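Here is how the chains run, residue by residue.
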Amino acid sequence: MKLVKTVAELQAIVKEVKKSGKTIGLVPTMGALHEGHASLIKAAHAENDFTIVSDFVNPTQFGPTEDLDAYPRTLDHDCELAEDMGADVLFAPSPKEMYPSKDMTWVEVTGDITKVLCGRTRPIHFRGVATVVSKLFNLAQPDKAYFGQKDAQQAQVLKRMVKDLFFPLEIRVMPIIREADGLAKSSRNVYLNPAERKAAVILNQALKKAKEAYAAGEKDSKKLVALTTEMIQSEPMSDIDYVEMYQLPELTPAEEKITVPHLLAVAVKFGTTRLIDNIILE
């Protein structure tokens, strides 16, 4: 595996790969790689001839009060994991490489899809995501790009962007990878103290309870949201940001009685650490 730090070097590599007729899989990440990322890289390696992993803590998706400086950076570890999973290139640029101009060119997806859930409290977040991922798509020229279902809103936003801007690639959304007790793998889990870590399993338990109720015949969206909320609130250490349900794929308001696929998503703080999780009801 080759570690690449400049746009020019990545472009030269991609040009040669494309000239040889090989397919490219891209896994965009912000580093601090864990088993969830590993599953994406493994899938990209299995489905493509050449795999590129980006490792870039993107400053434009962090708000003024968010943890950009504190975000974990583990490049040596990331290189080892990416190589073990079959990556051919790990692209780890500096902010200056990715944002060469003082005045920004932005890519912004508008509508309900970016205004609800995390978009409500993080108004610039998805503009930053769409902008950096557009740059990565242009640089890597992938046939397929891989994202995790844990970031469900992000996946839907990027699907819309690909559709609207005619990017010639497929978005692959892969299942959530979980710890043995059900907690979704996340780079933020390292911030949890032992008591918070133990309490956080309530998220998956509450979502599973809602899914079981849905499977048993409960199709009332408000009741399913209430059931999930009540169970999370039963954990004293939980501090709910949202428990909400929206129609897929555009994240429009939920039906009263569910007849099409819906996303049930949660964001909850344990101490100072905000965790997200979700399930799809269909």
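Residues numbered from 1 in each chain as written. Predicted model: local features only at pLDDT ≥ 70, side-chain atom pairs only at ≥ 80, totals over all residues. Heavy atoms only, no water.

Considering the overall build of the chain
Defined as follows: Counting from the N terminus, the helices are DSSP H or I runs at least four residues long and the strands are E runs at least two residues long. Just to be clear, the radius of gyration here is over C-alpha atoms, and the globule rule we use is 2.2 Å times residues to the power 0.38. When charges are counted, Lys and Arg are positive and Asp and Glu negative, with His and the chain ends excluded. Taken as the charge location is NZ of Lys, CZ of Arg, CG of Asp or CD of Glu.
When helices and strands are tallied, the chain shows eleven helices and ten strands. For the chain, whose C-alpha radius of gyration is 19 Å, the value lies close to the compact-globule estimate of 19 Å for 282 residues. In terms of overall dimensions, the chain has C-alpha extents of about 55 × 40 × 40 Å along its principal axes. Taken as two groups, the 35 positive and 39 negative side-chain charges of the chain have centres that lie 2 Å from each other.

Focus on the environment of K219
Keep this limit in mind: In this analysis, two residues are considered to be in contact whenever any of their non-hydrogen atoms come within 4.5 Å of each other. Side-chain atoms alone can form a polar contact between residues adjacent in sequence; in general such a contact is a pair of N or O atoms within 3.5 Å, and within protein one must be able to donate a hydrogen while the other accepts it.
Topologically, K219 is positioned in the loop between α10 (202-215) and α11 (221-233). The spatial distance from the C-alpha of K219 to the C-alpha of I258 is 5.2 Å, given a sequence separation of 39 residues. Setting aside residues no more than four positions away along its own chain, K219 makes contact with Y214, E256, K257 and I258. For K219, the side chain forms a polar contact with the main-chain oxygen of Y214, separated by 2.9 Å.

Concerning the environment of P261
Along the polypeptide, P261 turns up in the loop between β8 (252-253) and β9 (262-270). Considering only alpha carbons, one finds P261 and Q247, 14 residues apart in sequence, at a separation of 6.2 Å.

A word on the side chain of S54
To keep it simple, the criterion reads: When accessible area is computed with a 1.4 Å probe and restricted to protein chains, residues below 20% of their type maximum are described as buried, those above 50% as exposed, and intermediate ones as partly exposed.
Assignment of secondary structure puts S54 in strand β3 (residues 50-55). Exposure remark for S54: the relative accessible area of 1% places this residue in the buried category.

Considering the pairing of strand β2 (residues 24-29)
So the rule is basically this: The criterion for strand pairing is that DSSP finds at least two bridges linking the strands in question. With the strands aimed away from the viewer, a crossover counts as right-handed if its path from the first strand over the helix to the second runs clockwise.
Extensive coverage of β2 is indicated by the burial of six of its six residues. What you see with β2 is no split at all: I24, L26 and P28 on one side and G25, V27 and T29 on the other are buried throughout. Two elements, β2 and β3, share six bridges in a ladder whose sense is parallel. Along β3, the bridge assignment pairs P28 with S54. Taking the sense of rotation as the criterion, the β-α-β connection linking β2, helix α2 (residues 35-47) and β3 turns out right-handed. With two bridges joining them, β2 and strand β5 (residues 144-148) adopt parallel strand pairing. Bridge pairing in β5 places G25 opposite K144.

Some details on the environment of P142
Turning to its location among the elements, P142 is positioned in the loop between α7 (125-140) and β5. Placed 103 residues apart in sequence, P142 and M245 show a C-alpha to C-alpha distance of 32 Å. Excluding residues within four positions of it along the chain, P142 makes contact with I24, L26, F137, P168 and L169.

Overview of the pairing of strand β6 (residues 170-174)
One ladder, built from five bridges, connects β5 with β6; its direction is parallel. The residue of β6 that forms the bridge with K144 is E170. Handedness of the crossover joining β5 and β6 through helix α8 (residues 152-165) is recorded here as right-handed.

Observations regarding α7
An α-helix turns once every 3.6 residues. As a result, residues three or four positions apart point the same way. The test is simple: A helix is expected to span 1.5 Å multiplied by its residue count minus one.
Between the first and last C-alpha of α7 there are 22 Å, a value that for 16 residues agrees with the 22 Å anticipated at 1.5 Å per step. Along α7, 13 of the 16 residues are buried, which leaves the element largely enclosed by surrounding structure. Once α7 finishes, Q141 follows within two positions and takes phi at roughly 50 degrees, a positive value.

So, to be careful, I would describe these as geometric facts and stop short of saying anything about function.
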